[in-house]
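Observations on chain architecture
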Amino acid sequence: MEIANQMKQQLKVLDDLKKLQDEAEKEKLFGNATDEDRQHLKNYCADMIRACDTAIELERVLEEKKKAEDAKREAENKKAAAEKAKKTVSKPKPAEPDDDLSFLD
């Protein structure tokens, strides 16, 4: 989830940029920024929001898959360990006949 955290920080910055753009539009204060420059910034923000959202989603689905695979592997390992434990439980040895009959003498 490291990428998601970074993308969420980026989304906050992009939100601040959008607020800045909105305020400049409201006040009609643009300095030396041309219409083309302002449109470029607006498009950039929209593209980056989309990129951040996509990255967050990709990381989420990959993490889900990894967790599912890890859980499956752990379940298989537990099952294998249980089966091994069953097989290694010492079965009582059948009594061997006592061939030494010398006590009968």
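Refer to the structure above for everything that follows.
Residues numbered from 1 in each chain as written. Predicted model: local features only at pLDDT ≥ 70, side-chain atom pairs only at ≥ 80, totals over all residues. Heavy atoms only, no water.

A few words now on the overall build of the protein. Assigned secondary structure in the protein consists of two helices and zero strands. Within the protein, buried positions represent 6% of all 105 residues. Looking at the protein as shown, the accessible area adds up to about 9600 Å², and 56% of this sits on carbon and sulfur atoms. (Helix = DSSP H or I, 4+ residues; strand = E, 2+ residues; numbered from the N terminus. Buried < 20%, exposed > 50% of the residue type's maximum accessible area, 1.4 Å probe, protein only. Areas by Shrake-Rupley, 256 points an atom, 1.4 Å probe, with all protein chains shown as cover.)

Let's shift gears to the environment of M1. Among the secondary structure elements, M1 is positioned in the segment before α1 (2–27). Separated by 58 residues in the primary sequence, M1 and E59 place their C-alpha atoms 6.8 Å from one another. If we skip the residues at most four places from it in the chain, M1 touches E59 and E63. (Contact = heavy atoms within 4.5 Å.)

Our next topic: a nonpolar patch on the surface. Together, L58, V61 and L62 make up a nonpolar patch on the protein surface, roughly 270 Å² of accessible area in all. On the secondary structure map, L58 appears in helix α2 (residues 35–88). (Patch = residues over 30% accessible without salt bridge, like charges linked within 9 Å, V, L, I, M, F, W, Y side chains within 5 Å. Salt bridge = Lys/Arg side-chain N within 4 Å of Asp/Glu carboxyl O.)

Before going further, it helps to examine the packing of α1 against α2. Where α1 contacts α2, the two axes come as close as 9 Å, and the packing angle between them is 160 degrees. As the angle between them shows, α1 and α2 are arranged roughly antiparallel. When you trace α1 past α2, the crossing you get is left-handed. Where α1 abuts α2, its residues E2, I3, A4, M7, K8, Q10, L11, L14, L17, Q21 and E25 lie against R38, L41, K42, Y44, C45, M48, I49, C52, D53, A55, I56 and E59. Residues of the contact of α1 with α2, tallied by class, amount to 14 nonpolar, two polar and seven charged. (Axes fitted to C-alpha atoms, helices over the stretch in contact; angles between N-to-C directions. Parallel < 35°, antiparallel > 145°, perpendicular 65-115°, else oblique. Left-handed = near helix turned anticlockwise from the far one by under 90°. Nonpolar A, V, L, I, M, F, W, Y, C, P; charged D, E, K, R; others polar.)

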